[in-house]
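# What the coordinates show
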Amino acid sequence: MPSKEKPKAKEVERMFRAPKGMHDVLPVEQPYWERVESVMKDAARLYNFHRIDPPILELADLFRRTVGEGTDVIEKEMYTLKTKGGDVFALRPEFTASISRAYLEHNLSRAGQPQKLHHFGPVFRHDRPQLGRFRQFTQTGFDIVGGVNDAIYDAQIILMCLNVLESLKMKNAVLKINSIGCKVCRPIYKKQLQTYYKNHEKSLCTDCTIRLKTNPLRLLDCKNPECVKLREKMPNFLDKLCLTCSKHFKEVLEYLDELQIAYVLDNQLVRGLDYYNRTVFEVFVEGAGNEVGAILAGGRYDYLMESIGGHLTPSIGASFGVERLIAVMKAQEIIIQPRTMKRVFLVHAGDSAKKKAFKLMRDLMAAGIPVSEALAKESLKAQLKSADKEGLSLALILGQKEIYEASVIIRDMRTGLQENVKLERVIDEIKKRWATK
RNA sequence: GUGCCUAUAGCUUAAUGGUAAAGCUCCGCUCUGUGGCAGCGGCAAUACGGGUUCAAUUCCCGUUAGGCACCCCA
């Protein structure tokens, strides 16, 4: 009764699937990933940034202390787990805290300042998946940690990120930038904001009445029409920055101007993570691909190191969401060139030839020649069909006759022309043909 | 966490209260020493559970999964 076996297979299929919001990156997707990674690597090399790979797991407190107790990323979205010893770890929801922790732990300040660091890897946030939003996603970006608190670094990070978008051939990128001040001026502005809103509390939405108490800066990005309207007359942070912050921000903008980098001042841009100060920025694309939201976000986080037991350390960084980048590339129909087809397809004809073909395969690979095959298929036809499907230009055919002559047929799949070549000359012949193309 | 929408083969789609159809893909054969074309054949689906009904893939309810919006965010 074969019918008994079938439902079983079905059950198995249904029992396991990738966790919600987490995705398999299948072979067809890999070219996009390879492109993003290589563009990031090139940028890192050009600007002298070095890669750092912190662990995926950290003590949950690291993120609580840095990202912020009151933030959604911590409160609602962190994956935590308890070890047998009782430590509470978290899957990292972002890189910044880990990078700072590593800097502190390994005294990277002694390795030269500032440290220019590059990261690429998965992060985890337990929110409800939707377009451009996943529970496991990939961030990649750059950080400059330590050294002098100089606006030129803010500009440098922005420049690099925009260069990356250019290298990816991305169109219509819009840089939004703002300053959210420092320990000195932010509390003052918050007060002013609260006073302003208290006078209009009746017209605020319910969320915003809470925000007014807990996190007044968030009042700035509420979408409720009533709240939006209220913003017209509210005090503008940029007018209220302290002297040092306003000088810093001015310098950032001057550096951007110097390179003719376009930006949009957006005084409603506040970031959801507590550690940011002064410069914050985001990049969106206009038109196709816009639906995924910000593809890049970053800012200065000078106080972060203090919150984990270090000294005040000037720091700035930015991260791309790789899945979002790729979504935009697809939406903008950015074509990724296929891998070069410098690969030979090895074909056997007959059982003993199969063994010799296997041996030849080893020798080809040892000589650095990439090989593809369908040696498990018996008919010559079927094998050549596979070769055709892969779109390779050269096939090697090995049969009884060739073994007897210690030769092999080189077939040009495009023209159909074949040549019989001595076995010991095969590798040179292949290389010769590739060299002349 | 709240709300809305969806669920047929690997993919794209069709149909019906009464045998579930096709295109693409995949595998094989025609063609045991030669691919692309063609012809033929094969694998393969109504997410799961319950209800209404003589009969449910179709109607209803629940579950699960996916999508989308809000919150928030890369």
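Further up the page is the structure itself.
The paragraphs below set out a description of the structure included in this document. Just so you know, these numbers come straight off a predicted model, no measurement behind them. (Residues numbered from 1 in each chain as written. Chains lettered and ligands numbered in written order. Predicted model: local features only at pLDDT ≥ 70, side-chain atom pairs only at ≥ 80, totals over all residues.)

In terms of nonpolar packing, the biggest core is built from 67 residues, with Val36, Ile157, Ile158, Cys161, Ile295, Leu296 and Leu325 touching the most fellow members. Judged by nonpolar contacts, the second largest core, of 19 residues, contains Val344, Phe345, Ala349 and Leu360. (Core = buried A, V, L, I, M, F, W, Y, C linked by C-beta atoms within 7 Å. Buried ≥ 20, exposed ≤ 12 C-beta atoms within 10 Å, placed from the backbone.)

All right, on to the sheet that holds strand S15 (residues 407-412) then. Strand order across the open sheet formed by 5 strands is S13-S12-S14-S15-S16, with mixed pairing between neighbours. Both outer strands of the open sheet, strand S13 (371-373) and strand S16 (418-422), are each paired with one neighbouring strand and no more. For this sheet the average axis-to-axis angle between neighbouring strands, irrespective of direction, equals 30 degrees. Judged from the 4 bridges that link them, strand S14 (residues 394-399) and S15 form a sheet pairing that is antiparallel. Looking across to S15, one finds that leucine 394 is bridged to aspartate 412. Along the sheet face, helix H14 (residues 351-366) touches strand S12 (344-349), S13 and S14 and points at about 160 degrees away from the line of S12. (Pairing = 2+ DSSP bridges. Helix = DSSP H or I, 4+ residues; strand = E, 2+ residues; numbered from the N terminus. Axes fitted to C-alpha atoms, helices over the stretch in contact; angles between N-to-C directions. Contact = placed C-beta atoms within 7 Å.)

Quick look at the sheet that holds strand S5 (residues 115-124) now. With mixed pairing, the 8 strands of this open sheet are ordered in space as S1-S5-S6-S11-S10-S9-S7-S8. Looking at the sheet topology across the chains shown, the edges are occupied by strand S1 (50-51) and strand S8 (264-265). Inspection of the sheet shows strand S6 (residues 136-145) paired to strand S11 (residues 315-321) by 7 bridges, in the antiparallel sense. Opposite isoleucine 144, over in S11, you have isoleucine 316 as the bridge partner.

We now examine the protein's contact with RNA strand B. Around RNA strand B lies a shell of 53 residues, among which Leu131, Gly272, Gly321, Gly399 and Lys401 are the nearest. Top contributing element to the surface near RNA strand B by residue count: helix H15 (residues 380-390), with 7 residues. Here the residues of the surface near RNA strand B are counted per class, giving 17 nonpolar, 13 polar and 23 charged. (Near = placed C-beta within 6 Å. Nonpolar A, V, L, I, M, F, W, Y, C, P; charged D, E, K, R; others polar.)

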